[in-house]
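# Structural overview
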Amino acid sequence: MIEFKNVTKTYPDGTTAIKDMDLSVKEGELLALIGPSGCGKTTTMKMINRLIEPTSGTILIHNKKISEYKINELRWNIGYVLQQIALFPHMTIEENISVVPEMKKWKKKDLSKRIDELMDMVGLDPETYRKRKPSELSGGQQQRVGVIRALAADPDIILMDEPFSALDPISREQLQTDIRELQQKIRKTIVFVTHDMDEALALGDRVCLMKEGEVVQLDTPQNLIMQP
Ligand code: ADP
Ligand code: ADP
């Protein structure tokens, strides 16, 4: 589904963030990307939707080089959930969720139904919250909106970069459960960045352990736990 072949990224200042990376993410799996700060997780994510271009190597999605997709086609098909909650503050919750579907010219009726569905899915009552502004929601609720906004236009791929890092432990645990349940329902290809091993083991179908720009281990949580 997503394939990195011999990918290297060196930033203009000479920092090599990713070294000869080979990685494949299977269709419908949640891959947890874990490693210490600075190991290249965010760089990896940003290369998938071409916010950053690799210095060398190839990245394929559905067996096609990402450089051969139109940039909009690529980005619309990839939902990105950011570390910092990045909702538009002047827009209501429903307007926030509608941004990409509207660019894709979804019909109003289909979109409205979709918003209800998505909000219900993460336990936000549409009646109550549709017309509110982000500032009228708690941090955890805003982060949920961030997640469903990424899902709104039904992308094939979802990238989540430490989506829970700004949350208190209880909201964090609740959202982990949500994501697990969500993934069981929608079976999207998800790449999930975290620096929390418990979170990686709890959520990942497979866990990819990175260090200094390289993949050091890639396995199921079961196999990783069994290793000494
Ligand atoms: P992580 O997400 O795992 O913390 P990053 O991908 O953000 O790691 O960073 C990997 C390495 O690349 C780090 O050494 C970081 O300082 C460096 N880096 C990230 N972005 C830039 C940039 N724009 N310019 C130069 N170096 C960068
Ligand atoms: P993370 O939380 O993933 O480690 P950082 O806080 O390291 O992310 O980076 C935040 C932003 O700063 C990113 O957009 C990254 O590309 C950029 N950045 C990180 N390191 C450097 C660097 N050494 N030089 C320039 N930009 C950097």
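Right above here is the structure, for reference.
Residues numbered from 1 in each chain as written. Chains lettered and ligands numbered in written order. Predicted model: local features only at pLDDT ≥ 70, side-chain atom pairs only at ≥ 80, totals over all residues. Heavy atoms only, no water.

## Some details on the pairing of strand E7 (residues 157–161)
Short version of the rule: Each residue's exposure class comes from its accessible area (1.4 Å probe, protein chains only) as a fraction of the maximum for that residue type: buried when under 20%, exposed when over 50%, partly exposed otherwise. A run of H or I in DSSP becomes a helix once it reaches four residues, and a run of E becomes a strand once it reaches two; helices and strands are each numbered from the N terminus. Two strands pair if DSSP finds at least two bridges between them. By convention, orient the strands away from the viewer: a clockwise path from the first strand over the helix to the second makes the crossover right-handed.
In terms of burial, E7 is a largely internal element, 5 of the 5 residues being buried. The two faces of E7 match: Ile157, Leu159 and Asp161 on one face and Ile158 and Met160 on the other face are all buried. Looking at chain direction, strand E6 (residues 78–81) and E7 are connected through 4 bridges and run parallel. Directly across from Val81, in E7, lies its bridge partner Met160. Relative to strand E8 (residues 189–194), E7 runs parallel, the two being bridged by 5 bridges. Across the sheet, the residue bridging to Ile158 is Ile190, located in E8. Handedness of the E7-helix H7 (residues 169–186)-E8 crossover: right-handed.

## Section: the site of ligand 2
Going by this rule: Throughout, the term near means that a residue has one or more heavy atoms lying within 4 Å of the molecule or strand in question. As used in this structure description, the phrase polar contact means that two N or O atoms lie within 3.5 Å; if the pair is within protein, one of them must be able to donate a hydrogen and the other to accept it, and residues adjacent in sequence are counted only when both atoms belong to side chains. Here the accessible surface of atoms and residues is derived via Shrake-Rupley with a 1.4 Å probe, and residues count as covered only by protein chains that are part of the display.
Near ligand 2, the surroundings consist of Ser37, Thr42, Lys46 and Gln83. A distance of 2.6 Å is found between an oxygen atom of ligand 2 and a side-chain nitrogen or oxygen belonging to Thr42. Contact distances for ligand 2 include 2.7 Å between an oxygen atom and a side-chain N or O atom of Lys46. Look at ligand 2: alone it shows 550 Å² of surface, and the protein chains cover 31% of it.

## What to know about the pattern of salt bridges
The criterion, for reference: Each reported salt bridge corresponds to a side-chain nitrogen of Lys or Arg within 4 Å of a carboxyl oxygen of Asp or Glu.
Summed over all chains, the structure comprises 10 salt bridges. A salt bridge links Glu94 to Lys131; the nearest nitrogen and oxygen atoms lie 2.6 Å apart. Linking Glu94 in helix H3 (residues 93–103) with Lys131 in the loop between helix H5 (126–129) and helix H6 (139–151), this pair joins segments that are 37 residues apart in sequence. Look at Lys131 and you get exposed, because its relative accessible area is 62%.

## Thoughts on unusual backbone geometry
Glycine aside, negative phi is the norm for most residues, and most peptide bonds take the trans geometry. For Glu162, which is not glycine, the phi torsion reads 40° and is therefore positive. Relative to the assigned elements, Glu162 resides in the loop between E7 and H7. Positive phi outside glycine occurs at Glu212, with the angle close to 45°. Structurally, Glu212 is set in the loop between strand E9 (206–211) and strand E10 (214–219).

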